[in-house]
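Okay, here's what each chain looks like letter by letter:
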Amino acid sequence: MYKRLVFLIVLLLAMHVLHAQQRAINGRITDGISGQPVQEASIVIKGTSFSTLTDAEGKFVINVRSGQVLSISHISYSAAEVPVDHNTSTVNISLESVTRQLSEIVVTGVLGIKRAVRELATSSQEVSNAELTQGKPVNPILGLAGKVAGLRINMFDSKVDPDVQVNLRGIRSHSGDNSPLYVVDGVPIPDINRLNPNDIESINVLKGANAAAVYGSEGVNGVLMITTKKGRAGRQKISASNTTLFESVMRLPEQQTTYGNGVNGVYNPTEYRSWGPAYDGSIKPVGTVLPDGSQWELPYTAEKDSRKDFFNTGITTQTDLSLSGGDEISTFFLSVQNVSAKGIIEGDKNSRTGARFNASRKFGKLTALFNLNYVYNRNDVTPSEPWSTVYRHPAHIAYDAIRDWENIPYANPDYWYSTNQPNPYFNAANQRTLTSQQTLNANVELNYAFASWFNAIYRVGMYNRNAQTRSTTGKFTYTTPGRTNIAGSVSNGADDFRRINSDLILNFNKDFGKFSTRLLVGNNLRTDDTKSSLVSASALVVPGLFNPGNRTGQLGGSASSTQYRQTAVYGEFTAGYNNYLYLTFTGRNEWVSVLSPDNRSYFYPGVGATFVFSDAIDALKNSSILSFGKVFTSYNRTGNVNGISPYALNNTYSQTNGFPFGTLPGFSLGTNYPNFNMKPEFVTSYEAGTQLGFFNNRLNIDLTYAYSLSTDGIIQTDIPGSTGYATALVNAFEVSNNIYEAGINGDVIRNRTMKWNVGVTLYHMDNKVTKIYGELDALHTFRQNYVVLGQPYNTFMFYDYKRDPNGNIIVNGATGLPVSTTELYNVGTGTPPWQMGLHTSFDFKGFHIGMQFDYRLGAVMYSEAANRMIQDGTSPLTTVYNREPFVIPGSVVETEAGKYQANTMAVAGDRAYFTSYVSPVQSNYAVSANFFKLRELQIGYNLPAGLLAGQRIIKQAGVAIIGRNLFSIWHTDNIYNDPEFVYAGGSSEGYLSWRHLPPTRMVGFSLNVGF
């Protein structure tokens, strides 16, 4: 008992002495230039696991002993260390922002390995989380629009979950995918549409093929290196946010409001086409008399655009919650997100729920990292027919009066006024596509440091996407004559995709005096497995029962399964001299399963050089004007097999019932010739540029020129039927790109209380097709899109009127009707060769304003909907001459070969003229695709720390007003739709389908709280 008492007293005395040696140190950390507090800076007692974080005022308190060292770090600032002695009671530290230390910036390079910007022999641009989420997009790709020179992003339309088209520095392949490669935490994945933008720390866009060559064929189009958020040493952090955006139609295709429904100027209550008499304000019947003797009547006037009443106000809400923390040996980051969207079309909706867990742990020399992301997305939309019906109906249709089609007799399909164009609300309810998609993305990385100069990394990632789709059309049997019954249909589809990707990387770093060396060698293994199945029934028995068993006739369906295998070895060697001169060599040899054994192995090299002249030239080292100066150049030749799908070089067979006779099943040979001599297409790239920083990096300029030539491009061409086949894949296509890029970013005002930053990105692309196949000088690709020798890749070819040398329309002298040509003419490219992005941000005492503008010019667009609107009489083009006889302006008559005289013969401005001589001639509605738009606006305010000082729960709080696509200026000739929209991807830029929904604007607010 006595011994225990003595031990307890000694222990208490020791604890007292130890406690006496420790004392609380108060500190404050601020920005070295603005003097503003630095929030969430990590303060760690060096050599221990004790740490804390600064609060909203940049303040912290930590218990420390004399002789210990405080290590201060923050992701946006350079690190600092402060020793503590017995006289230290307070610590005030000013950190220097790394964004202003251009020469020391480190970004995520290939394979997820950090690289100093001064070493990179290619152009790159990093987008931070704040820039990416300024407009609060649900899809992170849309958050990049207009912010990176050379990166062009288009939406397919304004649906609740729109697809996007992404292109970086032009078209390189005709048959293959021209999208950049997406790499998340070092692992390539097929797409990032489901990735939560709030989970992303930064995206580094590697534009040059030289930087992306180690990724193989997929890296030929550049790489988006995505780094997700990680936990940091210090106390735990909890963040919560909510964003609510309201979406409304911004602009509709212009519609004539002079004439209503009918034919040849005569009113017809059951005619949907607007070729009737002029609106006069009278009350007119619509449709037929109902069984109860009543009839739908409307004022025969179009004082306002009633089409807008058809669209709802869409609502999108994002709710995010994250938890992060860690110490010196382990970190974690956990986030959950829920997104709910109601579309502008009745019944359209989308929901998404996702979770991410990132963790790391150090075990001596071994560091283990683990990332897991799961997303469940449910999409319920109608096909495009409801909207395409709206723009074909007369201008005086009252859409509010026909919404409840199940209970209002004249809105019901049985008594709807038109037998050709259904009630769009019925259409939206009767045709639905429901898709449930699950995406799981996970990767594990093991990094072992054998020595200070040598570490090995093994990284394996799995991406799995499963989608279940059900498309339905409800059965409807009409009780009124003259209408075709809707048989009803259902199709159930399943699509599964799984990719496993692994890399073993050996990384060597060694310095020899003024010389530095870095060698990276690795091996890559990749497997892609795809399965799909479809079961359908096209004639239902019981209405409302969408089961393939509820049918008459046979089931329809299909099934497919593909596998793709790839292996590669690669290397990258960088030699540096005195921290200002670098030479980099890259090489990769690849083996792919889609080519024949003789051609499936191919090698491609690259070389690049970088010279930081601001550090090499003594006269510039301490210049007050030039802060940083670098020039770089590179060469690369990259193989590409994206244009060859699995089994494309094999003979394929399809089942044909009744072959060779009766009901016997048989198999017929495919029509595509299996060309076993196919080789990869190769892209040869050159790049040169400079990166300059002035006035303590207050003004930064990036200038780049890049050239690429695609040779042995893969195309599918027709071959003689005598071969037994109709088409074949061949190596024949060539296309070149001359790219000019400029980025200018500067702080107009930068002091302790205010900062105003302005940035501009400029991009010009000179793209030309230099070879097609054999003697071909043009190749049709899609609708009015062609590949034309000597022209930009995406060229529009239209039919036009026959014209004299001055461009005047030649007409028939006897009728005055225009004469059309039988040859196509080149109207221009659908891909804008010029693009400019403008962003600006302003910060003042907690207030923040950020704006992003986008400007594109030099392209043309063609609207498929315009043709239909002309035929149906809703286009403004049909009212230019008040539908009376007129002489075609400037028209001429060819009196004899090469001689012309002015035409005086008038044409009838009626429906027959417009449907026969205007709508078929596409040049009538080929317009400029130029536009200028305000993509994003954010006006925010962070609560001052003083307001939160009275409690210890909420550490940070802010509110912001968000706007997206607030206004858009189109060319005066464009009366149709947003030029940014594309149809079906690929080379379809500039082609606007009648399926496209109109553009929308979004306005809302965002709240965020930190604990």
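Residues numbered from 1 in each chain as written. Predicted model: local features only at pLDDT ≥ 70, side-chain atom pairs only at ≥ 80, totals over all residues. Heavy atoms only, no water.

1. Section: the overall build of the chain
Phase 1: For the chain, the count of helices and strands is ten helices and 55 strands.
Phase 2: Structurally, the chain occupies a C-alpha span of about 115 × 65 × 65 Å along its principal axes.
Phase 3: Burial statistics for the chain: of 1011 residues in total, 51% are counted as buried.
Phase 4: One way to put it: in the chain the 83 positive side-chain charges average out to a point 8 Å from where the 79 negative ones average out. (Helix = DSSP H or I, 4+ residues; strand = E, 2+ residues; numbered from the N terminus. Buried < 20%, exposed > 50% of the residue type's maximum accessible area, 1.4 Å probe, protein only. Lys, Arg positive; Asp, Glu negative; His and termini not counted. Charge placed at Lys NZ, Arg CZ, Asp CG, Glu CD.)

2. Things to note about the sheet that holds strand 43 (residues 795–798)
Phase 1: Within the open sheet, the four strands sit side by side as 41-42-43-45. Their pairing is antiparallel. Here the strands that pair on one side only, and so sit at the sheet edges, are strand 41 (778–782) and strand 45 (825–829). Going across the sheet, the axis of each strand differs from the next one's by a mean of 40 degrees, ignoring polarity.
Phase 2: Pairing analysis gives four bridges linking strand 41 to strand 42 (residues 785–788), with the strands arranged antiparallel. Each bridged residue has a counterpart across the sheet, and for A778 the counterpart in strand 42 is V788. (Pairing = 2+ DSSP bridges. Axes fitted to C-alpha atoms, helices over the stretch in contact; angles between N-to-C directions.)

3. Brief notes about the side chain of N221
Phase 1: Summarising the element assignment, N221 is placed in the loop between helix 3 (209–212) and strand 16 (223–228).
Phase 2: The exposure class assigned to N221 is buried, which follows from its relative accessible area of 1%.
Phase 3: Within the structure, N221 has its side chain in polar contact with the backbone oxygen of D177 (distance 2.9 Å).
Phase 4: Those residues within four positions of N221 in sequence are excluded, and the remaining contacts are L168, R172, D177, N178, S179 and P180. (Polar contact = N/O pair within 3.5 Å; in protein donor to acceptor, adjacent residues only side chain to side chain. Contact = heavy atoms within 4.5 Å.)

4. Observations concerning the sheet that holds strand 15 (residues 200–206)
Phase 1: Read from one edge to the other, the open sheet built from five strands follows the order 10-15-16-13-14, with strand pairing classed as mixed. Of all strands in the sheet, those with a lone pairing partner are strand 10 (124–128) and strand 14 (187–189), marking the two edges. Adjacent strand axes in the sheet meet at a mean angle of 25 degrees, parallel and antiparallel pairs treated alike.
Phase 2: Bridge count for strand 13 (residues 181–184) against strand 16 is four bridges, and the pairing is parallel.

5. Topic: the packing of aromatic side chains
Phase 1: The tally for this structure, following the rule as stated, stands at 44 aromatic pairs.
Phase 2: With 5.4 Å between their ring centres and 70 degrees between their planes, Y673 and Y725 make a pair best called edge-to-face. Taken together, the residues Y673 in strand 36 (residues 672–673) and Y725 in the loop between strand 38 (699–718) and strand 39 (727–750) connect sequence positions 52 residues apart.
Phase 3: Residue Y673 is classed as partly exposed on the basis of its relative accessible area of 36%.
Phase 4: Note on Y725: relative accessible area 13%, which makes it buried.
Phase 5: Three or more aromatic residues link up through ring pairs in this structure, and these residues are W275, Y881, F886, Y913, F914 and Y917. (Phe/Tyr/Trp six-rings, centres within 6.5 Å; stacked < 30°, edge-to-face > 60°.)

6. What to know about the environment of Q256
Phase 1: Within the secondary structure layout, Q256 lies in the loop between strand 17 (234–249) and strand 18 (262–263).
Phase 2: Sequence separation between Q256 and P876 is 620 residues, and the spatial gap between their C-alpha atoms is 4.6 Å.
Phase 3: A polar contact of 2.8 Å, which involves the side chain of Q256, links it to the backbone nitrogen of T258.
Phase 4: A distance of 2.9 Å separates a polar atom in the side chain of Q256 from the backbone nitrogen of Y259.

7. Let's talk about helix 8 (residues 864–872)
Phase 1: Burial analysis of helix 8 places seven of its nine residues in the buried class, the great majority of the element.
Phase 2: For helix 8, the complete set of buried residues consists of E864, A865, A866, N867, M869, I870 and D872.
Phase 3: The inward-facing, buried residues of helix 8 contact strand 48 (860–863), helix 9 (911–917) and strand 54 (991–992).
Phase 4: For helix 8, the capping residue at the N-terminal end is S863, with a side-chain oxygen 3.4 Å from the backbone nitrogen of A865.
Phase 5: Two residues or fewer past helix 8, G873 is found with a positive phi of approximately 80 degrees.

8. Points about the pattern of salt bridges
Phase 1: Per the stated rule, a full pass over the model turns up 41 salt bridges.
Phase 2: Across the pair R499 and E218 runs a salt bridge whose closest N-O atoms are separated by 3.4 Å. Linking R499 in strand 28 (residues 489–512) with E218 in the loop between helix 3 and strand 16, this pair joins segments that are 281 residues apart in sequence.
Phase 3: Classification of R499 by relative accessible area gives buried; the value is 4%.
Phase 4: In this structure, the salt-bridge partner of R432 is D380, at a minimum N-O distance of 3.1 Å. (Salt bridge = Lys/Arg side-chain N within 4 Å of Asp/Glu carboxyl O.)

9. Observations regarding the environment of Q318
Phase 1: For Q318, the position within the fold is in strand 22 (residues 314–326).
Phase 2: Every residue in contact with Q318, bar those within four places of it in the chain, is listed here: K136, P137, V138, N198, S241, N242, T243, Q337, N338 and V339.
Phase 3: In terms of polar contacts, Q318 uses its side chain to reach the backbone carbonyl oxygen of K136, at 2.8 Å.
Phase 4: Of the polar contacts made by the side chain of Q318, one reaches the side chain of Q337; its length is 3.4 Å.

10. Comments concerning the nonpolar core
Phase 1: Grouped together as the largest cluster of nonpolar side chains are 34 residues, with contacts concentrated most on W296, F311 and I402.
Phase 2: When contributions to this core are tallied by element, the ones reaching two or more residues are strand 21 (296–299), helix 4 (385–390), helix 5 (424–430) and helix 8.
Phase 3: Per element, the largest residue contribution to this core is three residues, and it comes from helix 5.
Phase 4: Counting 29 residues, the second largest nonpolar core, distinct from the first, contains W275, V860, Y913 and Y976. (Core = buried A, V, L, I, M, F, W, Y, C linked by side-chain atoms within 4.5 Å.)

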